[in-house]
Amino acid sequence: MKLHHVIEAQQFDLPTLNHLFNVTEEMERVVARGGINDFHSRLMATLFYEPSTRTRFSFEAAMHRLGGRVISTENAAEFSSVAKGETLEDTIRIVNGYVDVIVLRHNEVGAAKRAAAVSRVPIINAGDGAGQHPTQALLDLYTIRKEIGSIEGLKIAMVGDLAQGRTVRSLAYLLSKFKDVKMYFVAPPLLKMKADILDHLREHQTWFVEETMLDRVLPEVDVVYQTRVQKERFGDRIADYESCRDVYVISQASLQLMKPDAIIMHPLPRLGEISMEVDQDRRAAYFRQAQNGLFVRMALLATLLA
Ligand code: CP
């Protein structure tokens, strides 16, 4: 399997996904045994210009579980020489001299692609502004496969901030590769899924519908993929943010409308868009989903560094 940089979801074809998920299953067994030491000579840098809990910790835990080592800056804009005016490209060129793989989260769309253009070592896009979050989409897809059994014929509702949420963009690209998937995009008018994704789905003859009423969609779908309204991307448009937050809340009442074997996913962090009471329901898959991030990222690192 040829994989070097991981920049966007479109670059994964079905054989690559299958291979990666087979390795991921093996990684679940590796973690159960406490880890391996196969990558003791390899070094990973995590270079994060935006906050993160899941992505940074799961990548770092993944590298440690593989026996590799990690160097990290969790606030690169303040604690790296970017604060002195160094460009992203120069930073990447320098870090290339120290490590075997770079995991990059950046606030600008296209930052990972710019980094890859000057990097000899693999760049993994850990989120580029409102662009993409391909490794999140991989763990989302793995979670659906594990929880539901297959992807073909899936009906999925993506809910909330579809305009600024990078996880739903990457997931839509990945799901468009599977047969008979139906996507229900549930968002207020200000936060609708962007035209580039809708055009891609039309080109690939993938069925989708845009909706504003969540309750109409809940009884139909196998997966409810809830997202946070991304306050940090509204800038000074406070009134717009206030008009969109908490429009869609998954509550006990929502559970009554859902199929008994459907699941609820969320890339997390959540604010008020899933009530805490929902956590007790077996259909709440979001904490299991976050755990899968460790296994998928171990598989990705092992593949890139093999
Ligand atoms: N899902 C996700 O990307 O979470 P973090 O921002 O905590 O990494």
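Residues numbered from 1 in each chain as written. Predicted model: local features only at pLDDT ≥ 70, side-chain atom pairs only at ≥ 80, totals over all residues. Heavy atoms only, no water.

This next bit is on the site of the ligand. In the vicinity of the ligand, the contacting residues are S52, T53, R54, T55, R105, H133, Q136, P267 and L268. Here S52 contributes a side-chain N or O atom positioned 2.6 Å from an oxygen atom of the ligand. Interatomic distance of 2.9 Å between a side-chain N/O atom of H133 and an oxygen atom of the ligand. When the ligand sits alone it has 260 Å² of accessible area, and the protein chains cover 91% of it. Most atoms of the ligand, that is more than half of them, are within 2 Å of grid points of the largest pocket. Taken together, the residues that form the shell around the ligand break down as 2 nonpolar, 5 polar and 2 charged. Here the shell around the ligand gathers at least three residues from each of two domains, domain 1 (9–132 + 291–305) and domain 2 (134–290). (Near = heavy atom within 4 Å. Polar contact = N/O pair within 3.5 Å; in protein donor to acceptor, adjacent residues only side chain to side chain. Areas by Shrake-Rupley, 256 points an atom, 1.4 Å probe, with all protein chains shown as cover. 1 Å grid on protein atoms, 1.4 Å probe; cavity = no way out; pocket = protein on both sides within 12 Å on 5 of 7 lines; lining within 4 Å. Sits in = over half its atoms within 2 Å of the grid points. Nonpolar A, V, L, I, M, F, W, Y, C, P; charged D, E, K, R; others polar. Domains from an automatic or database assignment.)

So, on to the sheet that holds strand β3 (residues 101–106). Taking strand neighbours across the sheet as the criterion, the 4 strands line up as β2-β1-β3-β4 in an open arrangement whose pairing is parallel. Of all the strands in the sheet, the pair left with one neighbour each is β2 (69–73) and β4 (123–128). Across the sheet, the mean angle from the axis of one strand to that of its neighbour is 15°, orientation sign disregarded. Bridge count between strand β1 (residues 43–48) and β2: 5 bridges; the pairing is parallel. Note that in β2 the partner of M44 across the bridge is V70. In the packing of helix α2 (residues 54–65) onto the sheet, contacts are made with β1, β2, β3 and β4, and the angle to β1 comes to roughly 175°. (Pairing = 2+ DSSP bridges. Helix = DSSP H or I, 4+ residues; strand = E, 2+ residues; numbered from the N terminus. Axes fitted to C-alpha atoms, helices over the stretch in contact; angles between N-to-C directions. Contact = heavy atoms within 4.5 Å.)

Right, let's get into a nonpolar patch on the surface. On the surface, a cluster of nonpolar side chains totalling about 300 Å² of accessible area is made up of I71, I94 and Y98. Here I94 shows up in helix α4 (residues 88–96). The class of I94 is partly exposed, set by a relative accessible area of 43%. (Patch = residues over 30% accessible without salt bridge, like charges linked within 9 Å, V, L, I, M, F, W, Y side chains within 5 Å. Salt bridge = Lys/Arg side-chain N within 4 Å of Asp/Glu carboxyl O. Buried < 20%, exposed > 50% of the residue type's maximum accessible area, 1.4 Å probe, protein only.)

For α2, built from 12 residues, the straight-helix expectation of 16 Å at 1.5 Å per residue is met to within 8% by its first-to-last C-alpha distance of 16 Å. Of the positions making up α2, those classed as buried are T55, R56, S58, F59, E60, A62 and M63. Following α2 by one or two positions, G67 adopts a phi angle in the positive range, close to 95°. (Expected span 1.5 Å × (residues − 1).)

Helix α12 (residues 286–305) packs onto helix α6 (residues 134–148) with a crossing angle of 115° between their chain directions and a minimal axis gap of 8 Å. For the crossing formed where α6 meets α12, the hand is right-handed. Residue-level contacts link T135, Q136, L138, L139, D140, Y142, T143, K146 and E147 of α6 to R288, Q289, N292, G293, F295, V296, R297 and L300 of α12. The residue inventory of the contact of α6 with α12, partitioned by class, reads 6 nonpolar, 6 polar and 5 charged. (Left-handed = near helix turned anticlockwise from the far one by under 90°.)

Turning our eyes to something else, we now look at the domain arrangement of the protein chain. The domain architecture assigned to the protein chain consists of domain 1 (9–132 + 291–305) and domain 2 (134–290). The C-alpha-based centres of domain 1 and domain 2 are spaced at 24 Å. If you look at the interface, domain 1 gives 33 residues, while domain 2 gives 26 residues. At the boundary of domain 1 with domain 2, total buried surface from both sides reaches about 2,600 Å², with 57% on carbon and sulfur atoms. Of all residues in domain 1, F21, R54 and N292 bury the most surface against domain 2, accounting for 24% of the area lost on that side. At the junction of domain 1 with domain 2, the criterion picks out 4 salt bridges. Ionic pairing is found between E28 and K146, a salt bridge with its closest N-O pair at 2.9 Å. The tally of links between domain 1 and domain 2 comes to 23 residue pairs in polar contact (both at pLDDT 80 or more). Elements with a contribution of two residues or more to the side of domain 1 that touches domain 2: α1 (14–32), α2, β3, β4 and α12. Residues belonging to the side of domain 1 that touches domain 2 are distributed by class as follows: 13 nonpolar, 13 polar and 7 charged. (Buried area = accessible area lost by both parts, 1.4 Å probe.)

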